[in-house]
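Residue strings, one per chain:
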Amino acid sequence: MSHASWLRQGRIVDGRLNPAWVGDLLIVGDRIQAVGPACEAEAAKLAHVTTVDCSGKVIAPGFIDVHTHDDAAVLDKPDMLPKLSQGVTTVIVGNCGISLLPLVTDAPAAPLSLLGKSQFRFPRLADYMAAVDAMVPGVNVAALVGHTALRMRHMTNLDAPASPAEIAAMAADLADAMQTGALGLSSGVFYREAFAADQAELTALASVAARAGGVYATHIRDELAGILDAMQEAALTARQGGLPLVLSHHKCAGPANWGRTRETLPLIDQLARHQAIAMDVYPYTAGSTVLRDDLVDGVIDILITRSEPYPEMGGRYLADIAKEWGVPQQDACKRLMPGGACYFQMREDDVERVIAHPLSMIGSDGLPHDERPHPRLWGAFPKVLACYWREKGVLQLEQAIHKMTGLSARNFHLPGRGVLKPGNWADVVVFDPDLVSDTATFEKPQQRSCGIEQVWVNGVLSYSGAEGLRAQRGGRFLRRGVDAI
Ligand code: ZN
Ligand code: CU
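Presented here is an overview of the structure given in this document. A quick note: this is a predicted structure, and the numbers were derived from the prediction, not measured. (Residues numbered from 1 in each chain as written. Chains lettered and ligands numbered in written order. Predicted model: local features only at pLDDT ≥ 70, side-chain atom pairs only at ≥ 80, totals over all residues. Heavy atoms only, no water.)

**Focus: the overall build of the protein**
Move 1: Within the protein, the regular secondary structure consists of 16 helices and 20 strands.
Move 2: Against the 2.2 N^0.38 benchmark of 23 Å for 485 residues, the protein shows a C-alpha radius of gyration of 22 Å, consistent with a compact globule.
Move 3: Referenced to the eigenvectors of the C-alpha coordinate spread, the extents of the protein come out at roughly 70 × 50 × 45 Å.
Move 4: A buried classification covers 62% of the 485 residues belonging to the protein.
Move 5: A sequence separation of at least 24 residues applies to 74% of the contacts in the protein between residues at least 6 apart.
Move 6: Per element, the accessible surface of the protein, about 17,100 Å² overall, is 52% carbon and sulfur.
Move 7: Here the protein contributes 45 positive and 54 negative side-chain charges, whose respective centroids are spaced 3 Å apart. (Helix = DSSP H or I, 4+ residues; strand = E, 2+ residues; numbered from the N terminus. Rg over C-alpha atoms; globule rule 2.2 N^0.38 Å. Buried < 20%, exposed > 50% of the residue type's maximum accessible area, 1.4 Å probe, protein only. Contact = heavy atoms within 4.5 Å. Areas by Shrake-Rupley, 256 points an atom, 1.4 Å probe, with all protein chains shown as cover. Lys, Arg positive; Asp, Glu negative; His and termini not counted. Charge placed at Lys NZ, Arg CZ, Asp CG, Glu CD.)

**Focus on the pattern of salt bridges**
Move 1: Summed over all chains, the structure comprises 28 salt bridges.
Move 2: Here glutamate 453 and lysine 57 are joined by a salt bridge, their closest N and O atoms 3.4 Å apart. Placement of the pair is glutamate 453 in strand 18 (residues 452–457) and lysine 57 in the loop between strand 4 (50–53) and strand 5 (58–61), with a sequence separation of 396 residues.
Move 3: A relative accessible area of 26% means that glutamate 453 is categorised as partly exposed. (Salt bridge = Lys/Arg side-chain N within 4 Å of Asp/Glu carboxyl O.)

**What about the coordination of the zinc ion (ligand 1)?**
Move 1: Surrounding the zinc ion (ligand 1) are the protein donor atoms Cys96 (SG), His219 (ND1) and His249 (NE2), which sit 2.0 to 2.3 Å from the metal.
Move 2: Here the donor residues for the zinc ion (ligand 1) map to a single chain with the spacing C-x122-H-x29-H.
Move 3: Separation of the zinc ion (ligand 1) from the copper ion (ligand 2) amounts to 3.0 Å, with cysteine 96 serving as a shared donor to the pair. Residue cysteine 96 is located in the loop between strand 7 (88–93) and helix 4 (125–135), and its partner histidine 249 is located in the loop between strand 11 (245–247) and helix 10 (261–272); the two are separated by 153 residues in the primary sequence. Neither cysteine 96 nor histidine 249 differs from the other in exposure class; each is buried. (Donors = N, O, S within 2.8 Å, 3.2 Å for Na, K, Ca; no water.)

**Brief notes about the pairing of strand 7**
Move 1: Most of strand 7 is tucked away: six of the six residues are buried.
Move 2: Where strand 6 (residues 63–65) and strand 7 come together, three bridges link them in parallel fashion. Looking at the pairing, phenylalanine 63 lines up with valine 88 of strand 7.
Move 3: Bridge count for strand 7 against strand 8 (residues 140–146) is four bridges, and the pairing is parallel. In the strand pairing of strand 8, valine 93 is matched with alanine 143. (Pairing = 2+ DSSP bridges.)

**Comments concerning the pairing of strand 19 (residues 460–464)**
Looking down a regular strand, the side chains alternate between one sheet face and the other.
Move 1: Across the five residues of strand 19, four count as buried, placing the element largely inside the fold.
Move 2: Looking at chain direction, strand 18 and strand 19 are connected through four bridges and run antiparallel. Paired with tryptophan 456 across the two strands is leucine 461, which belongs to strand 19.
Move 3: Where strand 18 hands over to strand 19, the hairpin turn is made up of two residues, of which asparagine 458 adopts a positive phi near 50°.
Move 4: With two bridges joining them, strand 19 and strand 20 (residues 468–469) adopt antiparallel strand pairing. Directly across from tyrosine 463, in strand 20, lies its bridge partner leucine 469.
Move 5: Two successive antiparallel strands, strand 19 and strand 20, enclose a turn made up of three residues.

**A closer look at the sheet that holds strand 15 (residues 339–343)**
Move 1: An order of 13-15-14 is seen for the three strands of this open sheet, with the pairing classed as antiparallel. In this open sheet, the two strands that pair with only one neighbour each are strand 13 (287–290) and strand 14 (302–307). Pairwise comparison of adjacent strand axes, ignoring direction, gives a mean angle of 20° for this sheet.
Move 2: The pairing of strand 14 with strand 15 spans five bridges and is classified as antiparallel. In the sheet register, arginine 306 faces strand 15, and the bridge partner there is glycine 340. (Axes fitted to C-alpha atoms, helices over the stretch in contact; angles between N-to-C directions.)

**Side note on the coordination of the copper ion (ligand 2)**
Move 1: Of the protein atoms, only His67 (NE2), His69 (NE2), Cys96 (SG) and Asp365 (OD) coordinate the copper ion (ligand 2), at distances of 2.1 to 2.4 Å.
Move 2: Each of the four donor atoms bound to the copper ion (ligand 2) contributes to angles spanning 83 to 165°, and the resulting shape is irregular.
Move 3: Sequence positions of the donors to the copper ion (ligand 2) reduce to the motif H-x1-H-x26-C-x268-D.
Move 4: The exposure class of cysteine 96 is buried, given its relative accessible area of 2%. (Tetrahedral: all angles 85-135°; square planar, octahedral: opposite > 155°, others 65-115°.)

**Description of empty space enclosed by the protein**
Move 1: For the structure shown, the criterion picks out five cavities of 30 Å³ or more.
Move 2: As a volume, the largest cavity reaches approximately 180 Å³.
Move 3: Lining of the largest cavity is provided by 21 residues; of these, His219, Glu223, Lys251, Thr289 and Gln345 occupy positions nearest its centre.
Move 4: Counting residues per element, the lining of the largest cavity draws most heavily on strand 13, at three residues.
Move 5: In the lining of the largest cavity, the residues fall into ten nonpolar, seven polar and four charged. (1 Å grid on protein atoms, 1.4 Å probe; cavity = no way out; pocket = protein on both sides within 12 Å on 5 of 7 lines; lining within 4 Å. Points joined across faces, edges and corners; volume = space filled by probe spheres on them. Nonpolar A, V, L, I, M, F, W, Y, C, P; charged D, E, K, R; others polar.)

**Some details on the packing of aromatic side chains**
Move 1: What the rule picks out here adds up to nine aromatic pairs.
Move 2: Judged by centre distance (5.8 Å) and plane angle (10°), the ring pair of phenylalanine 63 and phenylalanine 381 falls under stacked. Here phenylalanine 63 is found in strand 6, whereas its partner phenylalanine 381 is found in helix 14 (residues 376–391), with 318 residues between them in sequence. Exposure class is identical for phenylalanine 63 and phenylalanine 381. Each is buried.
Move 3: With a centroid separation of 5.4 Å and an interplanar angle of 70°, the aromatic rings of phenylalanine 122 and tyrosine 128 are classed as edge-to-face. (Phe/Tyr/Trp six-rings, centres within 6.5 Å; stacked < 30°, edge-to-face > 60°.)

Given below as structure tokens:
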């Protein structure tokens, strides 16, 4: 007999921008059975139903984290506490050109090493999908295929554009993954390992994803001075490939570019008139990625999150380490590599403008394998609610939720998710609108958020604010466009 929960008298924010209203929601098994007045009659038909008093609370679709690097984390640390404790019920993995498949290795090089080292054992998406479904992680998992991973599998010289034979080999792997249910192609031409890719290579692969109805998500070549050209390149790839574009973690990085979202967002509006385009954003002025000496400008603060040769330097600022060693910051950076860092490279007004833009979705870009991760891993979603809805009023509640749910499910072709309506999958979060907030900081980054009261994943109560993780997990692998109702 399937389990039922009757969520009573909450403020329902349905994920579609409809104004919030007070009502009930009934979960039966893994689906939403009813929303609103119909719940009463439906609940009366059931032998057993757990009643949850939601008065004063918000009932929303479970959040979809559209930008993650949780590819291996869902297998290594399947409880997924950093995400469930934010109300996240689905993670999209494979961003920035970085994915586990199709590589099989014990020693992944940067940037793939962002995913840890233990799970590079899936030549095909079908193998990864089977591993996820066997594990039943705490959250649902949907996957992009990484262009850099394809390159590392099929190319010997990463500093050149792919040859026609190499493109064909990458395209075959990508087509296979798309057939299995990948959401699309991701690229990270910002990273050296993919920087040499030319328009022909990118367009050829984008069209493979397009034929299966996928999207193209990209960490563009340059988020600093050359950002407009880099955005145009991404837009051209998507137009030539014939598929929707998602600009990853949209930002204007580096002090010389602060304020330039006044140029980049109008460019996105202009492009949106002719092609499908969206972006994701995280609510912080610091970015985080692998340690790179070319990002060391002597101006911005850089916090070391991880260093293989000097693990004890995690949590310290590069400037302090350089002073201690009596060397320039760039040299200190080189000594600390390989590793990871947080780069305080953005300005608050730019972050606000991107978050406020109607085409932006929330994605954490959290790095689960860092010793001291950027706090976005544990705090991105509650921070948007606390800071940009409740405190600053940059967004209305319905808009904030839409950017975490309905818009995300639509852009990535996840039918049956992201919206509270009868028949949809029961991915649901209940939170306290007065209390919800992030607690993870750069000093103490691994902290559960407050105010997230209950989280259901496919109808399984997986997290409660009072007790933390529940015994049961409910996550599944989600295939593009499948599972529609
Ligand atoms: Zn990225
Ligand atoms: Cu990323």
